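# Geometric and topological summary
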Amino acid sequence: MDLLRFITCGSVDDGKSTLIGRLLYDSKSILADQLEAIERASKSRNDGEVDLALLTDGLRSEREQGITIDVAYRYFQTPKRKFIIVDAPGHIQYTRNMVTGASNCQLAIVLVDARNGVVEQTRRHSLIASMLGIPHLVVAINKMDLVDYSQDVFSNICIQYSELARNLNVQQVTFIPMSALNGDNVVDKSARMPWYEGPALLDYLETVELDHDINLTDARFPVQYVIRPQTTELHDYRGYAGKITSGIFRKGDAVTVLPSGETSTVQAIEVYENELEEAFAPMSVVLHLADDVDISRGNLIVRSDSQPVVSQNVDALLCWMDTKELKIGSKYTLQHGTFRTRCVVRDIVYQLNVNTYEETQGVESLKLNDIARVVLKTAQPVSFDPYHYNRVNGGAILIDETSNVTVGALMLQGEA
């Protein structure tokens, strides 16, 4: 059974947590004790209704304010698919939380309040979903019960959002009208909107095609560990353990070790002491090479016929995630997969206005939640693919050298 990881995002009070609660409730994915707990917590409400948002808003401060602050993860499954739900906060000051939560997602649900249409946070979160290369986008037009389930309201928001999507170059957008509070078009099709001919949300989540989301063309294997038992039985054993992040490796493939550029061939592929003829992403394997090449943790093994960019001058999109400002000339540790190297910020090419999508040049520093195009100079060559082409091998983070805190999320674009 395959796994779909998706994020819910949108403006404050668009109903993200309620939607997730409705999904879990109507798909019968809530344990009896969980249901009792939220029923008790809902007793303070005047209308007596069960507040399904409490299933995800676990922090006391979230419940008191009625908002989502931290990223929450929920797990459920149906007979067709397993799911990991990422509930992202809507407030502007929690943009970094949204970037963190969305980084590994295959699908984003952008909630839009039917009464308000496309607003600033809709644009912000759509931009971030586009930047992060999330391949599937669902625009859930929520609270249709508050606009009398009007087809005209739904159609106008679809037109509004389609204009925005064209600016972002988003490939696949699906529009679903719903009421998370009442359950319309969440798990079951709604009789209140007979004019809508598409699927309910859960039906779409169960059937959306995921096979094409993994890059099976460019074989990439970041080395996590070199296995050398040096025992009598395994005297000459040398294996390289790690997870194939993209592509396919086969016995006999010509491979190159980066950044050194040394070459060899795949002699064996091992999984749990069993040998395979081939292995593909996202399998964790041990590779054996025909030659004794100098390889250590952080090196990247690739097929020789499809090589990535190898450079010390890196052009990247950056989401700044620290209260301490980033300035030109600042030094950090760059972590790309299992590889680490020191780097310096050589230039801020432009800062991106996430509300208007305008590019501001001449910026000298970045503040918390700012998004910008930057140029980094690294101490050692980085072996990467452009992010839009290979998300796993195109993502990286910046780490503060003194506190060891992650301060920036990077989407590598190419050689500067």
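Each chain carries its own residue numbering, running from 1 in the written order of its sequence. Selection of residues for local features in this predicted model requires a pLDDT of at least 70, selection of side-chain atom pairs for listing and counting requires 80 or more, and totals for whole chains, interfaces and linings are taken over all residues. For side-chain calculations, the full set of non-hydrogen atoms in the structure is used, while hydrogens and water are omitted.

Let us look at a nonpolar patch on the surface. Think of a patch as exposed residues, more than 30% relative accessible area, with no salt bridge, where like charges cluster within 9 Å and nonpolar side chains (Val, Leu, Ile, Met, Phe, Trp, Tyr) cluster within 5 Å. Note on areas: Shrake-Rupley with a 1.4 Å probe; residue coverage comes only from the protein chains shown. Salt bridge, as applied in this entry: a Lys or Arg side-chain nitrogen positioned within 4 Å of an Asp or Glu carboxyl oxygen. On the surface, Ile 214, Leu 216 and Phe 280 cluster together into a nonpolar patch covering about 240 Å² of accessible area. On the basis of relative accessible area, Leu 216 is assigned to the partly exposed category, the value being 39%. When a residue's accessible area, from a 1.4 Å probe over protein chains only, is under 20% of the maximum for its type it is buried; when over 50% it is exposed; and in between it is partly exposed.

Next up on the list: the side chain of Ser 306. Of note, Ser 306 is situated in the loop between β15 (300–303) and β16 (309–320). Note on contacts: a residue pair is in contact if any heavy atoms of the two residues lie within 4.5 Å. Setting aside chain neighbours within four positions, we find Ser 306 in contact with Thr 217, Asp 218, Ala 219 and Arg 220. Here a strand is any run of E in DSSP of at least two residues, a helix any run of H or I of at least four, and the numbering for each starts at the N terminus.

The next point concerns the packing of aromatic side chains. Pairing of aromatic rings covers Phe, Tyr and Trp, the last counted by its six-membered ring, and requires centre-to-centre distances within 6.5 Å; plane angles under 30 degrees mean stacked, over 60 mean edge-to-face, and any other angle means tilted. Within this structure, the stated rule accounts for 7 aromatic pairs. Centre to centre, the rings of Phe 76 and Phe 83 are 4.8 Å apart; their planes meet at 20 degrees, and the pair counts as stacked. The burial state of Phe 76 is the same as that of Phe 83; both residues are buried. A centroid spacing of 5.5 Å and a plane angle of 40 degrees characterise the contact between Phe 154 and Trp 195, whose relative ring orientation is tilted. Taken together, the positions of Phe 154 in helix α6 (residues 151–168) and Trp 195 in the loop between β6 (173–177) and α7 (201–207) put the pair 41 residues apart, joining distant regions of the chain. Site record: aromatic cluster; members linked through ring pairs are Phe 6, Phe 76 and Phe 83. Its end group placed over the ring of Tyr 357, Arg 123 keeps NZ or CZ at 4.7 Å from the ring centre. In this analysis the charged atom, NZ for Lys or CZ for Arg, is taken to sit over a ring once it is within 6 Å of the ring centre and within 35 degrees of the ring normal.

What follows is about the pairing of strand β2 (residues 72–77). Within a regular strand, side chains alternate between the sheet's two faces. The pairing criterion for strands is at least two bridges between them, as found by DSSP. When β2 meets strand β3 (residues 82–87), the two strands line up antiparallel, connected through 6 bridges. Considered in β3, the bridge of Tyr 73 is made with Val 86.

Below, the discussion takes up the pattern of salt bridges. The final tally for this structure, using the stated rule, is 15 salt bridges. Here Glu 278 makes a salt bridge to Arg 250, at a shortest N to O gap of 2.9 Å. Here Glu 278 is found in strand β13 (residues 278–280), whereas its partner Arg 250 is found in strand β9 (residues 248–250), with 28 residues between them in sequence. By relative accessible area, Glu 278 is classed as partly exposed at 34%. Arg 250 gets classed as partly exposed once you look at its relative accessible area, which sits at 36%. Among the ionic pairs, Lys 251 bridges to Glu 275, the shortest N-O distance being 3.8 Å. One end of the pair, Lys 251, is in the loop between β9 and β10 (254–258); the other, Glu 275, is in strand β12 (residues 274–276), with 24 residues separating them in the sequence. Residue class for Lys 251 comes out partly exposed when judged on its relative accessible area of 33%. Several salt bridges converge on common partners, so that one network encompasses Asp 113, Arg 115 and Lys 143.

Further remarks concern the side chain of Ser 126. Looking at where Ser 126 falls in the secondary structure, it is placed in helix α5 (residues 120–131). The term polar contact refers here to a pair of N or O atoms within 3.5 Å; inside protein, the definition further demands a hydrogen-donor-capable atom paired with an acceptor-capable atom, and it admits residues adjacent in sequence only when both atoms are side-chain atoms. Within polar-contact distance, the side chain of Ser 126 engages the backbone oxygen of Thr 122 at 2.7 Å. Apart from the residues lying within four places of it in its own chain, the contact partners of Ser 126 are Val 110, Tyr 161, Leu 164 and Leu 168.

This part covers unusual backbone geometry. For the bond from Leu 258 to Pro 259, the omega torsion is 15 degrees, close enough to zero to count as cis. Residue position: Pro 259 is located in the loop between β10 and β11 (262–271). In the Ramachandran plot, Asp 148 falls in the positive-phi region, its phi being about 60 degrees despite a non-glycine side chain. Note on placement: Asp 148 falls in the loop between β5 (136–142) and α6.

Another aspect to go through is the sheet that holds strand β1 (residues 3–10). On the basis of which strands lie adjacent, the open sheet formed by 6 strands has the order β2-β3-β1-β4-β5-β6 and mixed pairing. The sheet terminates laterally at β2 and β6, the two strands that pair on one side only. Across the sheet, the mean angle from the axis of one strand to that of its neighbour is 25 degrees, orientation sign disregarded. In the sheet, β5 pairs with β6 via 5 bridges, with the strands oriented parallel. Each residue of the ladder has a partner; that of Leu 137, found in β6, is Val 173. Here α5 sits on the sheet and contacts β1, β4 (107–113) and β5; the angle it forms with β4, its principal contact strand, is near 170 degrees. Axis definition: a line fitted to C-alpha atoms, over the contacting stretch in the case of helices. Angles run 0 to 180 degrees between N-to-C directions. The strands touched by α6 are β4, β5 and β6; relative to β6, the strand with the most contacts, the crossing angle is about 160 degrees.

Here we come to the confidence of the model for the protein chain. Predicted coordinates in areas of low pLDDT are best not read in detail. Looking at the protein chain as a whole, its pLDDT mean stands at 87, while 88% of the residues score no less than 70. Each residue carries a pLDDT value, the predictor's own confidence for that position, ranging from 0 to 100. Across residues 59–69, confidence stays below pLDDT 50; counting only partners more than four residues off in sequence or on other chains, it has 26 contacts.

Turning next to the pairing of β10. In terms of residue burial, β10 counts as a mostly covered element, since 4 of its 5 residues are buried. Examined bridge by bridge, β10 and β11 share 4 bridges and lie antiparallel to one another. What sits directly across from Val 257, in β11, is Glu 262.

Contact geometry for helix α4 (residues 95–102) and α5: axes closest at 10 Å, N-to-C directions at 35 degrees. The element α4 and its partner α5 pack so that their crossing is right-handed. Of the residues in α5, those in contact with Thr 95, Met 98 and Val 99 of α4 are Arg 124, His 125 and Ile 128. Each residue receives one of three labels: charged for Asp, Glu, Lys and Arg, nonpolar for Ala, Val, Leu, Ile, Met, Phe, Trp, Tyr, Cys and Pro, and polar for the others, Gly being one of them. Tallied by class, the residues present in the contact of α4 with α5 amount to 3 nonpolar, 2 polar and 1 charged. Take the far helix as your reference; a near helix turned counterclockwise from it by less than a right angle gives a left-handed crossing, and one turned clockwise gives a right-handed crossing.

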